[in-house]
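Chain residues, written in single-letter form:
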Amino acid sequence: SFVYILKSQRFPKTYVGSTADLERRLEEHNSGNSTFTSRYKPWIVVYKERFGTIEEARKREKYFKSAAGRKFIKKNNIIPR
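None of these values were measured; they are calculated from a predicted model.

Definitions and cut-offs
Residues numbered from 1 in each chain as written. Predicted model: local features only at pLDDT ≥ 70, side-chain atom pairs only at ≥ 80, totals over all residues. Heavy atoms only, no water. Phe/Tyr/Trp six-rings, centres within 6.5 Å; stacked < 30°, edge-to-face > 60°. Helix = DSSP H or I, 4+ residues; strand = E, 2+ residues; numbered from the N terminus. Buried < 20%, exposed > 50% of the residue type's maximum accessible area, 1.4 Å probe, protein only. Lys NZ or Arg CZ within 6 Å of the ring centre and 35° of its normal. Pairing = 2+ DSSP bridges. Axes fitted to C-alpha atoms, helices over the stretch in contact; angles between N-to-C directions. Contact = heavy atoms within 4.5 Å.

Q: I'd love a proper account of the packing of aromatic side chains, names of residues and values included.
A: Counting across every chain of the model gives eight aromatic pairs. For the ring pair phenylalanine 11 and tyrosine 40, a centre distance of 5.4 Å and an interplane angle of 80° mean the geometry is edge-to-face. You can see phenylalanine 11 sitting in the loop between β1 (2–8) and β2 (14–19) and its partner tyrosine 40 sitting in the loop between α2 (35–38) and β3 (43–50), a full 29 residues away along the chain. Given a relative accessible area of 17%, tyrosine 40 falls into the buried group. Centre to centre, the rings of tyrosine 15 and phenylalanine 36 are 6.2 Å apart; their planes meet at 25°, and the pair counts as stacked. Taken together, the residues span a long stretch of sequence, with tyrosine 15 in strand β2 and phenylalanine 36 in helix α2 at a distance of 21 residues. An aromatic cluster is built from Tyr4, Phe11, Tyr15, Phe36 and Tyr40, whose rings are joined through pairwise contacts. Over the ring of phenylalanine 72 we find arginine 60; its NZ or CZ atom is 5.2 Å from the centre of that ring. The ring centre of tyrosine 15 lies 6.0 Å from the NZ or CZ of lysine 65, which sits over that ring.

So this is what it looks like as structure tokens:
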């Protein structure tokens, strides 16, 4: 399972998610099957982490969506400008 960060190639938007199948999930985001991400496609994966279980990946996703997680992402230059 993965936690991932996507960056829109056309807009100043990012998206954090978790999935068991990253390739399939990226395809879903870029084909417009997700409400938020359909507006800002195309997306590229700028960061990913692998976990043993989806629960661990979701826990990390929740962290990335917190103030501390956003600070970590900024501090480590995870999202290219």
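Q: Any details on the sheet that holds β1? Residues and values, ideally.
A: Spatially, β2-β1-β3 is the arrangement adopted by the three strands of the open sheet, whose pairing is antiparallel. Edge positions in the open sheet fall to β2 and β3, since each of these has one partner strand only. Within this sheet the neighbouring strands show an average axis-to-axis angle of 25°, counted without direction. Alignment of β1 against β2, held across six bridges, turns out to be antiparallel. By the bridge assignment for β2, phenylalanine 2 is matched with threonine 19. Where helix α3 (residues 54–64) meets the sheet, its contacts fall on β1, β2 and β3, and the angle it forms with β2 comes to roughly 160°.

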